[in-house]
Amino acid sequence: MSKKINLESLSESISLKGKKTLISGAGSGIGRAISYRFAEAGSDLLLLDINEKGLISTEKCLDPFICKNQNYVLDLSKKEEIDKFWENLGQDIPDILINNVGIYPFKDYLEVDASFYAKTLEINLDSVFWMCQNFIRKRKKSGGIIVNTSSIEALVPFKEDLAHYSISKSGVIALTRSLARDYGRKGFRVNGILPGAIKTPGTDSLVKTAITKLQLNLIKTGYDFNRRLALGRWGKPDEVAKVVLFLSSDLASYVQGVMIPVDGGFLAS
Ligand SMILES: NC(=O)c1ccc[n+]([C@@H]2O[C@H](COP(=O)([O-])OP(=O)(O)OC[C@H]3O[C@@H](n4cnc5c(N)ncnc54)[C@H](O)[C@@H]3O)[C@@H](O)[C@H]2O)c1
């Protein structure tokens, strides 16, 4: 006599039907790819970016799917804008929060001034801090899912001129783990990703600048960086999006406080 195993099917586990997801930095690169896969998985979307044109292009990519999506143009470096956004949401509270927004400008440590430093921290770390706080306050009774975006640079500061960036992304790891510990028993699953070497408009423009301005140190680091990619190639935004989808779905129901590298093996080499 065979025993029946009563398990949710894999397609049910990965489905986000009936859920609402908020994605920051949704107007480009990895954020756009996440929007696409989450729409395919059945989630409604709240898409945030400072760049309205980018959001409109993301929206166009979602045509094949039946999902409700709403665009919000806001500057996530400003706490007042973040708080106002959450205040105005009313009952439209997302179940899932994806903090993807980030900037990665290169600057020699000795040339970094207070406003440049503050801007990097405000966008990359503070926005994640305030977004999570608002989300957890709004969902105190029901719990929810958070996925934060750090970087391989937080663990291995490989490229020069990114001290400000590495600090901001290390903060994202600390925040993710702290919230995972503090709110796990209250129904929140909080995890993160460590992307590296993902081909996006953001990284494309860095490569272009390095080549056109003949920044030899950056070209050399780029060469060494590529040699360290165990898979021997750069990744696609969609390869990050699928990991974010995994973390946000029931497939990862017992995963808490982890930072998953999505880096072609960079950290392992
Ligand atoms: N691409 C990579 O290889 C890589 C590696 C490590 C980490 N990351 C991280 O992944 C995330 C996405 O990276 P990407 O390569 O897709 O970047 P990208 O530059 O292609 O997209 C970033 C998006 O954030 C938006 N944005 C920037 N400042 C904003 C602000 N103040 N308010 C609202 N929106 C703002 C931009 O308009 C853009 O649409 C970032 O957090 C980045 O640090 C990327």
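Everything below is about the structure printed above this text.
Residues numbered from 1 in each chain as written. Predicted model: local features only at pLDDT ≥ 70, side-chain atom pairs only at ≥ 80, totals over all residues. Heavy atoms only, no water.

## A closer look at the site of the ligand
Stage number 1. The ligand sits among 31 residues. The nearest are Ser28, Asp49, Tyr104, Tyr165 and Thr200.
Stage number 2. A distance of 2.7 Å separates an oxygen atom of the ligand from a polar atom in the side chain of serine 28.
Stage number 3. For the ligand, an oxygen atom lies 2.9 Å from a polar atom in the backbone of isoleucine 30.
Stage number 4. Its free accessible area being 830 Å², the ligand has 90% of it covered by the protein chains.
Stage number 5. By residue class, the composition of the shell around the ligand is 13 nonpolar, 15 polar and three charged. (Near = heavy atom within 4 Å. Polar contact = N/O pair within 3.5 Å; in protein donor to acceptor, adjacent residues only side chain to side chain. Areas by Shrake-Rupley, 256 points an atom, 1.4 Å probe, with all protein chains shown as cover. Nonpolar A, V, L, I, M, F, W, Y, C, P; charged D, E, K, R; others polar.)

## A look at the sheet that holds strand β6 (residues 188-195)
Stage number 1. Spatial strand order, β3-β2-β1-β4-β5-β6-β7: seven strands in an open sheet with parallel pairing. In this open sheet, the two edge strands, each paired with only one partner strand, are β3 (69-73) and β7 (259-262). The average angle at which neighbouring strand axes cross in this sheet is 15°, direction not considered.
Stage number 2. One ladder, built from five bridges, connects strand β1 (residues 20-24) with strand β2 (residues 44-49); its direction is parallel. Each bridged residue has a counterpart across the sheet, and for threonine 21 the counterpart in β2 is leucine 45.
Stage number 3. Each of β4 (96-99), β5 (144-149), β6 and β7 is contacted by helix α9 (residues 237-248), which is oriented at about 165° to β6, the strand it contacts most. (Pairing = 2+ DSSP bridges. Helix = DSSP H or I, 4+ residues; strand = E, 2+ residues; numbered from the N terminus. Axes fitted to C-alpha atoms, helices over the stretch in contact; angles between N-to-C directions. Contact = heavy atoms within 4.5 Å.)

## A look at helix α3 (residues 52-61)
Stage number 1. Where α3 is concerned, the buried positions are Gly54, Leu55 and Thr58. Buried positions in α3, seen along its axis, are confined to an arc of 100° and lie on one side of it. Those residues of α3 that are exposed and aimed more than 90 degrees away from the buried face are Lys53 and Lys60.
Stage number 2. At the N-terminal boundary of α3, the capping side chain belongs to asparagine 51, with an oxygen 3.0 Å from the backbone nitrogen of lysine 53. (Buried < 20%, exposed > 50% of the residue type's maximum accessible area, 1.4 Å probe, protein only. Arc of directions from axis to C-beta.)

## A look at the environment of phenylalanine 188
Stage number 1. Counting through the fold element by element, phenylalanine 188 comes out in strand β6.
Stage number 2. For phenylalanine 188 and isoleucine 146, which are 42 residues apart along the polypeptide, the C-alpha to C-alpha distance reads 7.5 Å.
Stage number 3. Those residues in contact with phenylalanine 188, other than ones at most four positions away along the chain, are Phe135, Ile136, Arg139, Lys140, Gly143, Gly144, Tyr183 and Gln256.

## What to know about the pairing of β2
Stage number 1. Where burial is concerned, most of β2 is hidden: five out of the six residues are buried.
Stage number 2. Following the backbone out of β1, through helix α2 (residues 29-40) and into the adjacent parallel β2, one traces a crossover that is right-handed.
Stage number 3. Between the parallel elements β2 and β3, the chain passes through α3 in a crossover that is right-handed. (Right-handed = clockwise from strand over helix to strand, strands pointing away.)

So far we have only geometry, and geometry alone does not tell us how the molecule works.
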